[in-house]
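The chain contents come next:
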Amino acid sequence: MLGIIGAMDEEVLEIKNALKDVTVETAAGMEFYRGKINEKEVVVVRSGIGKVNAAVCSQILVDKFGAEAIVNTGIAGSLKAEIDIGDIVLSSDSVQHDMDATGFGYPIGQIPRMETFAFPADQKLLKLAEKCCNQVNPDIKTFVGRVVSGDQFISDKEKKQQLIDNFDGFCTEMEGAAIAQVCYLNHIGCLIIRAISDKADDSATVDYPAFEAKAIEHSVKLLLAMAAEY
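In this text the structure is predicted, and so the values were computed from the model without any measurement.

(A) Spotlight on the packing of aromatic side chains. Under the criterion given, the structure shown has 3 aromatic pairs. Here the aromatic rings of Phe117 and Phe167 are separated by 6.5 Å at their centres, their planes lie at 20°, and the arrangement is stacked. Here Phe117 is found in the loop between strand S6 (88–96) and strand S7 (119–120), whereas its partner Phe167 is found in helix H4 (residues 157–167), with 50 residues between them in sequence. A cation over an aromatic ring shows up here: Lys80 above the ring of Phe170, its NZ or CZ 4.9 Å from the ring centre. A cation sits over an aromatic face here: Lys124 above Tyr230, 5.2 Å from the ring centre.

(B) Summary view of the nonpolar core. In this structure, Ile88, Leu191, Ile193, Leu222 and Met226 are the most contacted members of the largest nonpolar core, which totals 35 residues. The element that contributes the greatest number of residues to this core is helix H6 (residues 204–229), accounting for 8 residues. Discounting residues that sit within four places of it in the chain, Leu191 has contacts with Ile70, Val71, Asn72, Ser91, Ala121, Leu125, Leu126, Ala129 and Met226. Core analysis: the next-biggest nonpolar cluster, separate from the first, contains 32 residues, Phe32, Val43, Ile111 and Val147 among them.

(C) Seen up close, unusual backbone geometry. The phi dihedral of Asp21 is positive, around 55°, even though this residue is not glycine. By secondary structure assignment, the location of Asp21 is in strand S2 (residues 20–27). Residue classification places Asp21 among the exposed positions, given a relative accessible area of 62%. Although it is not a glycine, Asn38 adopts a positive phi angle of roughly 55°. Along the chain, Asn38 turns up in the loop between strand S3 (30–37) and strand S4 (40–46).

(D) Region of interest: the pattern of salt bridges. In the structure shown here, the tally under the stated rule is 12 salt bridges. For the salt bridge of Asp98 with Lys51, the shortest nitrogen-to-oxygen distance reads 2.8 Å. Taken together, the residues span a long stretch of sequence, with Asp98 in the loop between S6 and S7 and Lys51 in helix H2 (residues 51–65) at a distance of 47 residues. Here Lys51 falls in the buried class, since its relative accessible area comes to 12%. Ionic pairing is found between Lys131 and Glu229, a salt bridge with its closest N-O pair at 2.6 Å.

(E) Molecular detail of the environment of Lys51. Through-space distance from the C-alpha of Lys51 to that of Glu175 is 4.7 Å; in sequence the pair is 124 residues apart. Those residues within four positions of Lys51 in sequence are excluded, and the remaining contacts are Gln96, Asp98, Gly150, Asp151, Met174 and Ala178. Here Gln96 takes part through its side chain, which lies 3.0 Å from a polar atom of the side chain of Lys51.

(F) Structural context of the pairing of S2. Strand direction decides the pairing type here: S2 and S3, joined by 6 bridges, are antiparallel. The residue of S3 that forms the bridge with Ala27 is Met30. What sits between S2 and S3 in their antiparallel hairpin is a turn of 2 residues, with Ala28 showing a positive phi close to 50°.

(G) Representation of the side chain of Ser149. Along the chain, Ser149 falls in strand S8 (residues 142–149). Taking the relative accessible area as the measure of exposure, Ser149 reaches 0% and is therefore buried. Among the polar contacts listed, one links the side chain of Ser149 to the side chain of Glu173, at a separation of 2.4 Å. Setting aside its immediate chain neighbours within four residues, Ser149 contacts Val95, Gln96, His97, Asp98, Glu173, Glu175, Gly176 and Ala177.

Rules behind the numbers
- Residues numbered from 1 in each chain as written.
- Predicted model: local features only at pLDDT ≥ 70, side-chain atom pairs only at ≥ 80, totals over all residues.
- Heavy atoms only, no water.
- Phe/Tyr/Trp six-rings, centres within 6.5 Å; stacked < 30°, edge-to-face > 60°.
- Helix = DSSP H or I, 4+ residues; strand = E, 2+ residues; numbered from the N terminus.
- Lys NZ or Arg CZ within 6 Å of the ring centre and 35° of its normal.
- Core = buried A, V, L, I, M, F, W, Y, C linked by side-chain atoms within 4.5 Å.
- Buried < 20%, exposed > 50% of the residue type's maximum accessible area, 1.4 Å probe, protein only.
- Contact = heavy atoms within 4.5 Å.
- Salt bridge = Lys/Arg side-chain N within 4 Å of Asp/Glu carboxyl O.
- Polar contact = N/O pair within 3.5 Å; in protein donor to acceptor, adjacent residues only side chain to side chain.
- Pairing = 2+ DSSP bridges.

Written out as structure tokens, the structure is:
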């Protein structure tokens with residue numbers, strides 16, 4: 001079974017509407033929509049914004065619904081000049097940029113006593129996403145690279161540059177790496193999909209509302225195509 005997590009209602013509404021044979025269960029204040037896309041069973045849920053909500057949601061998908069893999073769809077701020085608003089980033093891996101245990105000798109972003117610095121994407125999901133995105137979103141560019149996550153909306157150039165210097169990230173958002181950590185601990189596949197809604201700089205608060213709808217549209221097209229083939 002494939003679990004699909006979005007952070008906001010807008011991100012998952014169209015996916016929920018595409019489901020057949022739907023049942024709904026509630027856990028931790030979240031509504032989990034179980035159904036089928038092209039006869040493939042999926043569970044779609046809105047996690048809410050931020051790493052804690054995302055992690056709780058992911059563990060419920062594993063424990064209660066037996067998720068074999070989780071895809072997290074949403075929007076993000078670009079960290080590279082060549083990645084434009086509307087483009088899509090698929091995670092090669094992910095890091096929590098606001099984890100700071102440097103006082104204990106760890107590099108910034110490293111979770112103490114974890115075996116890995118960055119949580120890798122599932123290669124099967126990544127290849128499927130690349131293929132599907134080229135098919136359903138030919139009007140945009142698709143990039144594969146590191147997603148950096150933290151409980152911060154990045155909207156100034158100085159902070160953006162720190163993320164680039166410290167992590168060589170492709171985009172920044174608020175949930176993906178927490179979901180990837182849960183998947184890593186449970187030994188299941190994970191992929192983060194982010195449509196770019198802003199440039200994560202001083203223009204972010206202006207760009208975000210104008211381009212959010214288009215960014216979500218691209219993500220939804222991709223998710224529906226992936227779920228049908230998974």
